[in-house]
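One letter stands for each residue in the lines below.
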Amino acid sequence: MSDMDMNRRNFLKTSVGAAAVAIAPGMLLYSVAQGKSEGASSKVRWGMLIDTNQCKPVCNDCVTACNNENGLSGETKATDSQWIRKIEIKDISSGRELSLPMMCQHCEFPPCVDVCPTEASFKREDGIVLVDRHRCIGCRYCMMACPYKARSFVHEPLEHQNPDVPRGKGTVESCTFCVQRIERGEKTTACAEACKNKAILFGNLNDENSEIAQKIRSVASVQVRADMQLNTGIRYQGL
């Protein structure tokens, strides 16, 4: 870690520093972290509907696409970043097995935001939950608070980064719903685009005429850990 990075982290660890950063420069820091909120509107809430019936156990196209889009290594050691991972579940009573992608659920009431001491974790007006790496002090409270184990800590220096997705050692990160694409006016995420089985549908949950809103009205879907009443942006069909 450079002397500049160390000084910045020491500064943020003080209550005075945290308060100072939270004033006007906050919007600039959000912008640098690809969390630009000037284009976000509460009229939009981005979300996903994942059809577990179409998600194939042997297929990892969504994971590969996410890694390529965001400059992740694709390694799966405990210290590696995984923004999306495939998990296998089994219904004990019926023996039915399912494979499904798990990532940040972009909750309406995100626990990660509630516990963050520096407000590095934040939710945009359009429902996307992000981490401002310039304000993150690496305390990892958000990782402990997340019931989906969706966040990763960057342990090592990073090379060959995607300039549209800045990352940093000593910070926490997770799925961003490809916010860099949304800022460019694109309408889908890398994982949804890559899924040959059309298991992932991305869109605006607040637009009753959108494909995803119509589909959610017509099929049965659930939220993972709905008992926590987080109102997740990701719904699963077929669970």
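Basis of the calculations
- Residues numbered from 1 in each chain as written.
- Predicted model: local features only at pLDDT ≥ 70, side-chain atom pairs only at ≥ 80, totals over all residues.
- Heavy atoms only, no water.
- Helix = DSSP H or I, 4+ residues; strand = E, 2+ residues; numbered from the N terminus.
- Contact = heavy atoms within 4.5 Å.
- Areas by Shrake-Rupley, 256 points an atom, 1.4 Å probe, with all protein chains shown as cover.
- Core = buried A, V, L, I, M, F, W, Y, C linked by side-chain atoms within 4.5 Å.
- Buried < 20%, exposed > 50% of the residue type's maximum accessible area, 1.4 Å probe, protein only.
- Phe/Tyr/Trp six-rings, centres within 6.5 Å; stacked < 30°, edge-to-face > 60°.

Asks: What am I meant to see in the overall build of the chain here?
Replies: A count of helices and strands for the chain gives 9 helices and 10 strands. If you take every contact in the chain between residues at least 6 apart in sequence, the share linking residues at least 24 apart comes to 62%. When the accessible surface of the chain is split by element, carbon and sulfur atoms take 52% of a total near 12300 Å².

Asks: What is the right way to read the nonpolar core from this model?
Replies: For soluble globular proteins, the rule of thumb is that nonpolar side chains tend to be buried together. Counting residues in hydrophobic clusters, the biggest one holds 42 residues, and the most contacted among them are Met48, Met103, Tyr148, Phe177 and Tyr236. Elements that contribute at least two residues to this core include exactly β1 (46-51), α4 (61-70), β3 (97-103), β5 (129-131), α7 (179-183), α8 (190-194), β8 (200-204) and β10 (234-237). Leaving out residues up to four positions away in the same chain, Tyr148 has contacts with Arg85, Met102, Gln105, Cys107, Val224, Arg225, Leu230 and Thr232.

Asks: What's the story with the packing of aromatic side chains in this structure? I'm lost.
Replies: Counted by the stated rule, this structure contains 2 aromatic pairs. Aromatic side chains Trp46 and Phe202 sit 5.2 Å apart centroid to centroid with 10 degrees between the ring planes, which places their arrangement in the stacked category. Placement of Trp46 in strand β1 and of Phe202 in strand β8 is noted, with a sequence separation of 156 residues between them. Since its relative accessible area comes to 10%, Trp46 is described here as buried. Phe202 sits in the buried class, given a relative accessible area of 9%. Centre to centre, the rings of Phe177 and Phe202 are 5.2 Å apart; their planes meet at 75 degrees, and the pair counts as edge-to-face. On the criterion of sequence distance, the pair formed by Phe177 in the loop between β7 (172-173) and α7 and Phe202 in strand β8 is long-range, its members being 25 residues apart. Linked through ring pairs, Trp46, Phe177 and Phe202 together constitute an aromatic cluster.

Note that all results are geometric; they support no functional claim without further evidence.
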